[in-house]
Amino acid sequence: MAHRLPKKTKTHRLPKKTEAHRLSKTKRTALGIGGVAVLAGLNAPAVIGFAEKQYYEWKIAQPGYKALYGSWSQVDIPREFRTNAIHAALLHTGKVLIVAGSGNEQKKFDKGSFDTVLWDPVRNTFKRIPTPVDFFCAGHAQLPSGRLLVAGGTARYELLAGEVERAGGGMRVKNENPDRAVFLKKGTRFRSPSGTEYVSRFDVTVPRAKRAFDITYDAAGVMRPWRTKVTASEARVFVEAVGKGPRFVTDQQAQYEIVGLTGRAADDTYGLSEKITLDKQDFQGIRAAYEFDPVAEKYVPVAPMAKARWYPTLVGLQDGRVLAVSGLDDVGVVDPGDNEIYDPATRKWKPGPERYFPTYPALFLTKGGKLFYPASNAGYGPADAGRVPGLWDLRTNTFEKVPGLTDADRTETSASVLLPPAQDQKVMILGGGGVGESRKSTSRTAVVDLKQDSPAFQDGPDLPQGTRYLNSVIMPDDTVFTSNGSRDYRGRSASNILKAQFYDPRTNSFRGAAAPRVGRNYHSEALLLPDGRVATFGSDPLFDDQRNTKLGHFEQRMEIYTPPRLHEYGKDRPVLGDGPRETDAKGRATFAAAHPERIVAARLMRPSAVTHSTDVEQRSIALEVTRTRDSITVDVPSDRTLVPPGWYMLFVTDARGTPSVAKWIQVR
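Residues numbered from 1 in each chain as written. Predicted model: local features only at pLDDT ≥ 70, side-chain atom pairs only at ≥ 80, totals over all residues. Heavy atoms only, no water.

Turning to the overall build of the protein chain, a few remarks are in order. A count of helices and strands for the protein chain gives seven helices and 47 strands. Against the compact-globule benchmark of 26 Å for 668 residues, the protein chain has a radius of gyration of 26 Å, which places it among compact chains. If you line up the protein chain on its principal axes, its C-alpha atoms span 85 × 65 × 50 Å. When the 668 residues of the protein chain are sorted by exposure, 60% land in the buried category. Working note: accessible area of the protein chain is about 26900 Å², and carbon and sulfur atoms make up 51% of it. In the protein chain, which carries 95 positive and 75 negative side-chain charges, the distance between the mean positions of the two groups comes to 2 Å. (Helix = DSSP H or I, 4+ residues; strand = E, 2+ residues; numbered from the N terminus. Rg over C-alpha atoms; globule rule 2.2 N^0.38 Å. Buried < 20%, exposed > 50% of the residue type's maximum accessible area, 1.4 Å probe, protein only. Areas by Shrake-Rupley, 256 points an atom, 1.4 Å probe, with all protein chains shown as cover. Lys, Arg positive; Asp, Glu negative; His and termini not counted. Charge placed at Lys NZ, Arg CZ, Asp CG, Glu CD.)

See the structure below:
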């Protein structure tokens, strides 16, 4: 059974950009790796002198430095295309979909101004995409067709306790008519027997009641006259009091008539109130779902979810379907575990296995079809529920806990990744912080080997310092590039971390990388581009100064990291020539190659769909390579729990680990 929770499960809030909200809302050593100490000293230009800064600028511009640590460059974005990057996804056209929705700006939400920008990294061109609903804090996943499924988002912004003037809460609307559904517009009034009225803030459709026939037989086996049994259907809508003040607060359930209904409709349709209070009112989710078509470059509506979701995770399954998990519902309560599954063949949703998780849980598809939850999440939910890592079997709806995680109370806003290659079935968790607005953070990393009979986490090398909101990107050479983050909640007290490093699963160690120039914390993303570089977006700090007196501004600059080998060997990188756009019936694909003897490895890399430090889409699969005089052939594993259907980037690398530019190929 699902882990059901009390209705009030929220433990923290996301402050909006007003002074009232802003004012309300390390334990390990640095890496002991050559070169990192120098970087650490030079990663804080604000506290070094002019001469040191000049030397630093000269040093990082040297070819030798770039060949060791890589380099960063800023993308030139025309002003009209600058936006608050809340979500980012790489499409099989090579373009990047940057989704803001209202972008954590209530003024835009109130105006119905929702943003999506499509960026072409090759031409550095931008295109604004009409955005039908507020996808701010939605979920997304890659589909087998190459389309991107986007579901959920924002129905209503939060109100803090001191701002709530009108009591609000959930109203369960009942329909006892089995012959028709009932549609009630936003603004519908519900009146109690005492005359107290509440008004709905959203449209709501209540399905038809269910009709069943109760058939019985007497002792002789003769059927008795059958009876019809009707079970009322139900939908829920958020309501607010028509007046201000505490006289509208109630924790007593009552039946409410719906103002304006008469006759049988009035008898069949009514409201049952839940707790209605002046407490803080959280963000509320929407049910809307769309597929983004990368070819037509537009959103295509599909059937909505059964449940409204804000902060959900969407994860692709081995059969091409997508599981939607968690999120705040239409009254701002963490979903108790009513998960659902999207079928791209029908473009409809069905109920999934019931299980509770905090919002934006990281869920990785593993060999055999189970989902692994490393305990990484992005927030809402109590500290004592759904925070334990484990393997979730969707078929039996059982959950096997995985022990051994250090700093288990600091997994919120952590990063996690299915380490390359995916065949190794190892998952890593990096950094994280305490629940909600906690000042706690951790430098802990840990790795679990899921191939073991009794898997357990083992501590990995420390990050340079306690880090929340770390971005982690799988690279074509089987390393993981990690960058940015902050020590404190949403970068408070000028705690952004201007550091980057590579993790090597083969040696279980970090090595230093050039420092980013732009700080990034909450609402930031990073993803691998087809040319082997890494793009970073976004950041939404609470404050812009160390004393926390200046309100933060959303970071709209974009940076690109170029890895060391592209500096040292970029003009001599491996090249793949012509080849197919999809694998054949045996899972093979052959590409022309001028120097096949130079190619030592091939990786199939699933494109990212990342938000809130959560990227469950990216994975890298090692491929077998055979060579002829002028071509290579790669073999893709047939196990779809290892290689979910969809579009992938195919990278090949030489003996130095220098990657080619990727070829796009579809696995069916």
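Right, picking up where we left off after that structure.
Under the UniProt annotation, the feature "domain: Galactose oxidase-like Early set" (unreviewed entry) is placed at residues 588-667. From the first C-alpha to the last, residues 588-667 spans 10 Å; its make-up is 0% helix and 50% strand. (UniProt positions renumbered as here; feature names shortened; annotations may be inferred.)

Let's shift gears to unusual backbone geometry. Comment: phi is negative for the bulk of residues other than glycine, and the bulk of peptide bonds are trans. Between Pro420 and the following residue, Pro421, the backbone shows a cis peptide bond with an omega angle of -10°. Along the polypeptide, Pro421 turns up in the loop between β30 (415-418) and β31 (426-430). Phi angles above zero are rare outside glycine, and Glu297 is one such case at about 55°. With respect to the element layout, Glu297 can be found in the loop between β20 (289-293) and β21 (298-302). Judged by relative accessible area, Glu297 falls into the buried class, the value being 14%.

Attention now moves to the environment of Val427. Topologically, Val427 is positioned in strand β31. Placed 10 residues apart in sequence, Val427 and Val417 show a C-alpha to C-alpha distance of 5.7 Å. Non-local contacts of Val427, meaning those with residues more than four positions away in its chain, are made with Phe364, Phe372, Pro374, Val417, Leu418, Leu419, Ala446, Val447, Val448, Leu450 and Phe457. (Contact = heavy atoms within 4.5 Å.)

Once that is clear, we can look at the packing of aromatic side chains. Inspection of every chain in the model, using the stated rule, returns 33 aromatic pairs. Geometry around Phe502 places Arg511 over its ring, the cationic atom sitting 4.3 Å from the centre. (Phe/Tyr/Trp six-rings, centres within 6.5 Å; stacked < 30°, edge-to-face > 60°. Lys NZ or Arg CZ within 6 Å of the ring centre and 35° of its normal.)

On to the pattern of salt bridges, then. Applying the stated criterion across every chain, the model contains 49 salt bridges. For the salt bridge of Arg147 with Asp293, the shortest nitrogen-to-oxygen distance reads 3.1 Å. Within this pair, whereas Arg147 is found in the loop between β6 (139-142) and β7 (148-151), its partner Asp293 is found in strand β20, the two being separated by 146 residues in sequence. Assessed through its relative accessible area of 15%, Arg147 is described here as buried. By relative accessible area, which is 13% here, Asp293 ends up buried. Asp393 is the salt-bridge partner of Arg395, the closest N and O atoms lying 3.7 Å from each other. Residue class for Arg395 comes out exposed when judged on its relative accessible area of 69%. Residue classification places Asp393 among the buried residues on the basis of a relative accessible area of 12%. (Salt bridge = Lys/Arg side-chain N within 4 Å of Asp/Glu carboxyl O.)

With respect to topology, four strands assemble into an open sheet ordered β26-β27-β28-β29, the strand pairing being antiparallel. Since the sheet does not close on itself, it has two edges, and those belong to β26 (364-365) and β29 (398-401), each with one partner. Pairing between β26 and strand β27 (residues 371-373): two bridges, direction antiparallel. Considered in β27, the bridge of Leu365 is made with Leu371. (Pairing = 2+ DSSP bridges.)

So, about the nonpolar core. In this structure, Val96, Trp119, Phe481 and Phe537 are the most contacted members of the largest nonpolar core, which totals 53 residues. Not counting residues up to four positions away in its chain, the partners in contact with Trp119 are Val75, Lys95, Val96, Ile98, Asn124, Thr125, Phe126, Leu529, Ala535, Phe537, Met558 and Ile560. Listed in part, the 48 residues of the second largest apolar core include Ala375, Leu405, Ile632 and Leu650. (Core = buried A, V, L, I, M, F, W, Y, C linked by side-chain atoms within 4.5 Å.)

Along the chain, Asn177 falls in the loop between β9 (168-175) and β10 (182-184). Of the polar contacts made by the side chain of Asn177, one reaches the backbone nitrogen of Asp179; its length is 2.8 Å. When neighbours within four sequence positions are excluded, Asn177 is seen to be in contact with Arg208, Ala209, Arg264 and Asp268. (Polar contact = N/O pair within 3.5 Å; in protein donor to acceptor, adjacent residues only side chain to side chain.)

Looking along a regular strand, one sees the side chains alternate between the two faces of the sheet. A large share of β20 lies buried, amounting to five of its five residues. Of the two faces of β20, both are covered, the one formed by Ala289, Glu291 and Asp293 as well as the one formed by Tyr290 and Phe292. Both β7 and β20 contribute to a ladder of four bridges, which runs antiparallel. Counterpart to Val150 in the pairing with β20 is Tyr290. From the end of β20 to the start of β21, which pair antiparallel, there are four residues, and Glu297 there has a positive phi angle of about 55°.

Before going further, it helps to spend a moment on the sheet that holds strand β38 (residues 524-528). What the four strands build is an open sheet, ordered β1-β40-β39-β38; its pairing is antiparallel. Edge strands, defined here as strands with exactly one partner in the open sheet, are β1 (71-74) and β38. On average, each strand axis in the sheet is tilted by 20° relative to the strand beside it, whichever way the strands run. Bridging between β1 and strand β40 (residues 559-562) involves four bridges; their strand directions are antiparallel. Bridge pairing in β40 links Ser73 to Ile560. (Axes fitted to C-alpha atoms, helices over the stretch in contact; angles between N-to-C directions.)

Burial of the side chains of strand β28 (residues 390-393) extends over both faces: Gly390 and Trp392 are buried on one face and Leu391 and Asp393 on the other. The pairing of β27 with β28 spans three bridges and is classified as antiparallel. By the bridge assignment for β28, Leu371 is matched with Trp392. Bridging between β28 and β29 involves four bridges; their strand directions are antiparallel. Its bridge partner being in β29, Asp393 is matched across the sheet by Thr398. Following β28, the chain reverses through four residues before pairing antiparallel with β29; Asn397 in that reversal takes a positive phi of roughly 50°.

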